[in-house]
Amino acid sequence: MKIFRWLISFGMFVLIFGGAGELWRVDAYSGCGGVNPPAVNASYEQQVLDLVNTERANAGLPPLKRNLELEYAARYHATDLAQDNYFDHGSYDRAGGSLAFVCATGTRIGNYYAGGNAWGENIAAGYGSPAAVMSAWMNSAGHRANILNANFREIGVGYFAGGGDYYQYWAQDFGRRANVYPLIINRDAANTNSTQVSIYIYGTWSEIRLRNDNGAWGAWQPFQNNLTWTLDALSGTRAVNAEVRSGGTTIATSDTIYLTYSAPVPSRLFLPLLVK
């Protein structure tokens, strides 16, 4: 098994690597991204995200929000590592048994994640479950630093199985974009069976107002990052929309979660029977 971590944040970089391994080849992606790979195991990717946000909560940090562009960047790299049979943060193509460098990590991520002003990446190979790969990353100081980096606000997780000597490949791409203030429901869990949810909103603002789906806006109220909110009691994908403002600046932000709702079973008492 092998793990590799790369961090570039606001112009600074750290490179940490460890472990050893061997690789083999199947047909490869080529170039520096440009493909939006489908999920090989969406459940594994969600589990890694859940574990990341649990670790951040345990450290007193806000959750990261799943970002589709970062997810594509991470999936592409996890797939490319297996299919072109290498292990590095840079992107390579294999031809005639030799690897040729294609582009640097930041270029690949930037091809997907426009406007990012901070990013980082963790990769790993050979780990058989989300819990195993997260344990390895959290027990490595550099990988842990990426997961618990307070500058990041968004994340994409990529997983691929089916190639290379390690067979299973993992990638986490982290990022932050200027003037993007994610709203995150229940630490970005995929679903819930309760209408009561927790909300985190990034930024420092004067006021906030919220609404469910396309319903009416609530009243403006003093801003707070952490809120408790009640979803509409209707099964399906539910959205929470917010507007936050300070001075003359107003920003809109939103998130969705799948609600499985079961109406409470009514209860009833009958008049007591007294026998004399």
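The shown structure was predicted, so the numbers you read here are calculated from the model rather than taken from an experiment.

(A) Just the overall build of the protein, in detail. A count of helices and strands for the protein gives 5 helices and 16 strands. Out of the 276 residues in the protein, the part that is buried amounts to 46%. Pairs at least 24 residues apart make up 68% of the contacts formed inside the protein by residues separated by at least 6 positions. Element-wise, carbon and sulfur atoms account for 52% of the exposed surface of the protein, whose accessible area totals about 13200 Å².

(B) Here's a closer look at the pairing of strand E11 (residues 196–201). With 3 bridges connecting them, strand E9 (residues 183–185) and E11 associate as antiparallel partners. Bridged to Leu 183 within E11 is Ile 201. Pairing geometry for E11 and strand E14 (residues 226–230), over 5 bridges, is antiparallel. The residue bridging Tyr 200 from the neighbouring strand is Asn 226, located in E14.

(C) Representation of the sheet that holds strand E10 (residues 191–192) in the model. What the 5 strands build is an open sheet, ordered E10-E16-E15-E12-E13; its pairing is mixed. Unpaired on one side and paired on the other, E10 and strand E13 (221–222) mark the two borders of the sheet. Pairing analysis gives 2 bridges linking E10 to strand E16 (residues 249–259), with the strands arranged parallel. For Asn 191, the partnering residue across the bridge sits in E16 and is Tyr 258.

Parameters and conventions
Residues numbered from 1 in each chain as written. Predicted model: local features only at pLDDT ≥ 70, side-chain atom pairs only at ≥ 80, totals over all residues. Heavy atoms only, no water. Helix = DSSP H or I, 4+ residues; strand = E, 2+ residues; numbered from the N terminus. Buried < 20%, exposed > 50% of the residue type's maximum accessible area, 1.4 Å probe, protein only. Contact = heavy atoms within 4.5 Å. Areas by Shrake-Rupley, 256 points an atom, 1.4 Å probe, with all protein chains shown as cover. Pairing = 2+ DSSP bridges.

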